[in-house]
Each structure stands twice: as structure tokens, then as C-alpha cells.
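Read off the chains here:
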Amino acid sequence: MVLALWPTLASAQDSAPDTIPFHRHQWAAQFAGGTTFASLGVLRFTAPTRAWLLDFRFTGGHSHDKDYVQDTLVDDGYTSSAHVDARIGRRFYQGRGKAVVSFQTVGVLGGYAHDCSAFKGSTVSGHSCSNGWTAGAYGELGGAYLITRRFSIGGTATVAFSYQRSTARSSGGVVAKRWSYAGSIQGLSFAATVYF
């Protein structure tokens, strides 16, 4: 019976990778974003179901605050931040139909963070800036819908664990060194991918 079914089983095994429209040595560019970040990544497929991912994630912002009392400026200040993370991971794909794939990614991350704030009040003024680095690991669950063989849209949910060290310098020559551990569920992000 096994011998009778062998041609069918062999044919199914041979055709299984065809349900995933990727191939070895293929490249792809991934553009992603969420509510607090944007990222740009590159995929290199080593097999139809496996790829290496190199991704750069950017977050940042700036705010300015002014306080008035009867049209007189009494406090003026700002906060500014810029963070960049590089992520390297291994991605595994599964075919879920003719145009849908699911995937999981596991990898490591490292990054740089810069934060500054300053204020000028009627009685007190000051400023501080901190610089630091981050290292850790992350995992992703996601899926993609291939609109064409060269373009897909999809989403991912990410979990990350990281360690951060930073040094802050403020007015008056005060230097503060900090370290922290953090675990986070980074929510849903949306991605568009171009395959070459």
C-alpha cells in the first residue's frame, strides 16, 4: 500500500514548496509601521520557506510646551527623542492558500537612544540629555496577502525583551548612569513587501 501511494506522496512533497511563491536566493524589501514607529527591512531567502531578515526600526518625537499667566510667558520647554534599532532574525513561512502566507520570526536586536529636555521658567531653568544603547531578543507572528507575486501586504505582532544602559548629563554638571530591563508586546504593525 505504501508502495502504491509512494508516487502520490512524492508528488505532494515536491509540489508543497510551490504553494509558497518564494525561492532560494530571492531578495525582498519590507516597509512597515505602527502607531509609534516606522521600519525598513531587507529579506534574503535561503529556501522557499526560510529567510534572513535585517530590519531597521525608527522611533522619535518632539514636543514644545509654553505656559502663560495672563498673556505673560512664565515657562518654556521642550522634549525630544530619537531611537533606532537594528534587528536580525530568521523568518519561517507557511503557505495558507494560493495567496496567503503566515510566518514567525525570531532574532536579536540592538539599538541607540538619544533623549533631551530643557525648560526655562521664571525662577528655575535647566536641561538634560541622555544617550544609551539597547540589546535584546524579539519574536514576531505575522501574515501576508500576496496581491501579486511581487507585492504583498500584511501585519505582524511583536514581543521583545531588552536591556538598556544610558548616561544622562544635565545642567550643573550632574551625570546619572542608568540601566533597565524591559519586556514588551509591541502591538500590531502593518507591512508592505516588494519581492525581487
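Refer to the preceding data block for the structure.
Residues numbered from 1 in each chain as written. Predicted model: local features only at pLDDT ≥ 70, side-chain atom pairs only at ≥ 80, totals over all residues. Heavy atoms only, no water.

Draft legend 1. Molecular detail of the pattern of salt bridges. Following the criterion strictly, the structure yields 2 salt bridges and no others. For the salt bridge of R91 with E140, the shortest nitrogen-to-oxygen distance reads 3.0 Å. On the criterion of sequence distance, the pair formed by R91 in strand β4 (residues 72-95) and E140 in strand β6 (residues 125-148) is long-range, its members being 49 residues apart. As far as burial versus exposure is concerned, R91 and E140 are alike and both buried. (Salt bridge = Lys/Arg side-chain N within 4 Å of Asp/Glu carboxyl O. Helix = DSSP H or I, 4+ residues; strand = E, 2+ residues; numbered from the N terminus. Buried < 20%, exposed > 50% of the residue type's maximum accessible area, 1.4 Å probe, protein only.)

Draft legend 2. Highlighting the layout of surface pockets. Approximately 470 Å³ is the volume found for the largest pocket. For the lining of the largest pocket, the secondary-structure elements that each account for two or more residues are β3 (50-69), β4, β5 (100-121), β7 (151-170) and β8 (174-195). In terms of residue count, β8 provides more of the lining of the largest pocket than any other element does, 8 residues in total. Within the lining of the largest pocket, the residues separate by chemical class into 8 nonpolar, 13 polar and 3 charged. (1 Å grid on protein atoms, 1.4 Å probe; cavity = no way out; pocket = protein on both sides within 12 Å on 5 of 7 lines; lining within 4 Å. Points joined across faces, edges and corners; volume = space filled by probe spheres on them. Nonpolar A, V, L, I, M, F, W, Y, C, P; charged D, E, K, R; others polar.)

Draft legend 3. Structural view of the pairing of β8. Across 6 bridges, strand β1 (residues 27-33) lies against β8 in antiparallel orientation. From the neighbouring strand, Q30 faces β8, where its bridge partner is T193. Across 19 bridges, the pairing between β7 and β8 is antiparallel. The residue of β8 that forms the bridge with A168 is A176. In sequence, β7 turns back onto β8 through a hairpin of 3 residues, with G172 there showing a positive phi of about 95°. (Pairing = 2+ DSSP bridges.)

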